[in-house]
Amino acid sequence: MSDIVMRPSLSDLQQKAYWLALLLLAIGLHVFEAALPSLGPWFKPGLANLVTLLALIWLGPRAALLLAIGRVVVGSFFIGTLFTPTFVISMAGGLVAAVVMIAAWRSIPGISLIGVSLLGALAHMLAQFVTVESLFIQQSLLYFALPPLLLLSTITGWLNGALAGYIAARLEFPNEKN
Amino acid sequence: MPELLKGTLTDRILLLISLLAIAVSWFVVQSVVASGPAVAEVYHGKVLLATYPLPLAGEPAKSFMIEGELGTSEILLDEHGVRMLSSPCSAQRCVYSGAHRHAGDIIACVPNRILITIRGSAESRFDAIVE
């Protein structure tokens, strides 16, 4: 028998611990946002998305994507919406926002966390509407409600990006992956 | 704090493009929905179930039932607009969203696949159109 179990490196364990801490924070914010009074259909301030953005700059694209999925699955479990239409809508919004933020962070020169967050917030709202229209309501008149909600997403996206910039500038994080 | 909110030049260009796109789409939506008499259109999926005029101040309120995917939803039309009185869905977001009267407003019950849209702003002169 020559089973050699390789111990993970300390930095690897550290990265996983940070990812888990961010996931727990994102789940907490997901549950908190679900308890807030609604400003409109499917509209939330996007605080949980802010944690995805922090995971992207600190731990890299893969960690950000996994965090977006994990946050929606575990968060939905806690608020009792797992595998309901709300879960599908949240998952679509969270995933598309994460993918758009990763693409923007990697490919748009001169963009800061504010611009990345802005694009993520807009992508989140658009993905939710497309999901609701194509899978559930199946009525394109639904898009009539989109412009004012996109305006709110623009404002919250900008503010969340500024908040993420403030946090990132003040928290030391080892092995940042840009 | 203001420095924190400024963003880079790229961020501001993205913001400008986003705001322009939103303004144009808002204008297009309003030009489509704001003309004609103020009515509430009720859909189940792609099917238009009924079109009801919105009552003016002093006119009696009307309520009616519609069948959706999960069961029966009750809709109330009064001088404040249209609202969902009850719904078989668990989240009840459609009920809590309250009354809507402005052209372009919607009430959507995703689990029951019911959509109510408001069109028009002028006084209407019919009782109801049921499909």
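Residues numbered from 1 in each chain as written. Chains lettered and ligands numbered in written order. Predicted model: local features only at pLDDT ≥ 70, side-chain atom pairs only at ≥ 80, totals over all residues.

## Remarks on the pairing of strand β1 (residues 39-44) of chain B
Residues and elements named next belong to chain B.
Alright, step 1. In terms of burial, β1 is largely enclosed, as 6 of its 6 residues are buried.
Alright, step 2. Here β1 shows no split at all, with V39, E41 and Y43 on one side and A40, V42 and H44 on the other all buried.
Alright, step 3. Turn length for the β1-strand β2 (residues 47-53) hairpin, with the two strands adjacent in sequence and antiparallel, is 2 residues, and the turn residue G45 shows positive phi of about 65°.
Alright, step 4. Where β1 lies against strand β7 (residues 114-119), 6 bridges are found, and the strand directions are antiparallel. (Buried ≥ 20, exposed ≤ 12 C-beta atoms within 10 Å, placed from the backbone. Helix = DSSP H or I, 4+ residues; strand = E, 2+ residues; numbered from the N terminus. Pairing = 2+ DSSP bridges.)

## Some thoughts on the pairing of strand β6 (residues 106-109) of chain B
All names here are of chain B.
Alright, step 1. Across the two faces of β6 the burial is the same, with I106 and A108 and I107 and C109 all buried.
Alright, step 2. Relative to β7, β6 is paired through 4 bridges, and the arrangement is antiparallel. Across the sheet, residue I106 finds its bridge partner in β7, namely T117.
Alright, step 3. In sequence, β6 turns back onto β7 through a hairpin of 4 residues, with R113 there showing a positive phi of about 55°.

## Description of the sheet that holds strand β5 (residues 81-86) of chain B
Through backbone hydrogen bonds, the strands of a sheet pair up, either in parallel or in antiparallel fashion.
All names here are of chain B.
Alright, step 1. Reading across from one edge, β3-β4-β5 is the order of the 3 strands in this open sheet, with antiparallel pairing throughout. One side of each edge strand has no neighbouring strand; the edge strands of this open sheet are β3 (62-67) and β5. Pairs of neighbouring strands in the sheet enclose a mean axial angle of 30°, with direction left out of account.
Alright, step 2. When strand β4 (residues 72-78) meets β5, the two strands line up antiparallel, connected through 5 bridges. Note on β5: the bridge partner recorded for I75 is M84. (Axes fitted to C-alpha atoms, helices over the stretch in contact; angles between N-to-C directions.)

## Quick look at the confidence of the model for chain A
The predicted coordinates should not be examined in detail at positions where pLDDT is low.
Alright, step 1. The pLDDT averaged across chain A works out to 90; a share of 92% of its residues lies at or above 70.
Alright, step 2. Looking over chain A, one finds the lowest element-wise mean pLDDT in helix α1 (residues 10-35) of chain A, namely 92, and the highest in helix α3 (residues 61-79) of chain A, namely 96. (pLDDT = per-residue confidence, 0-100.)

## As for unusual backbone geometry
Residues and elements named next belong to chain B.
Alright, step 1. Unusually for a residue other than glycine, Q92 sits at a positive phi of about 60°.
Alright, step 2. Position of Q92 among the secondary structure elements: in the loop between β5 and α3 (93-96).
Alright, step 3. For Q92, a count of 13 C-beta atoms within 10 Å puts it in the partly exposed group.
Alright, step 4. With a phi angle near 55°, R113 is a residue other than glycine that sits in the positive phi range.
Alright, step 5. If you trace the backbone, R113 turns up in the loop between β6 and β7.

## Considerations on the packing of helix α2 (residues 47-59) of chain A against helix α4 (residues 85-107) of chain A
All names here are of chain A.
Alright, step 1. Interaxial distance between α2 and α4 falls to 10 Å at its minimum, and their mutual angle equals 40°. When the axes of α2 and α4 are compared, the pair comes out oblique. Crossing geometry of α2 relative to α4 is assigned as right-handed. Facing N49, T52, L53 and L56 of α2, the residues of α4 in contact are A97, A98, M101, I102 and W105.
Alright, step 2. Here the contact of α2 with α4 is composed, by residue class, of 7 nonpolar, 2 polar and no charged. (Parallel < 35°, antiparallel > 145°, perpendicular 65-115°, else oblique. Left-handed = near helix turned anticlockwise from the far one by under 90°. Contact = placed C-beta atoms within 7 Å. Nonpolar A, V, L, I, M, F, W, Y, C, P; charged D, E, K, R; others polar.)

## Re α1(A)
All names here are of chain A.
Alright, step 1. For α1, spanning 26 residues, the distance from its first C-alpha to its last is 38 Å, which sits close to the expected 38 Å at 1.5 Å a residue.
Alright, step 2. Taken together, the buried positions of α1 are W19, L22, L23, A26, I27, L29 and H30.
Alright, step 3. Check the buried side of α1 and you find it contacts α2 and α3. (Expected span 1.5 Å × (residues − 1).)

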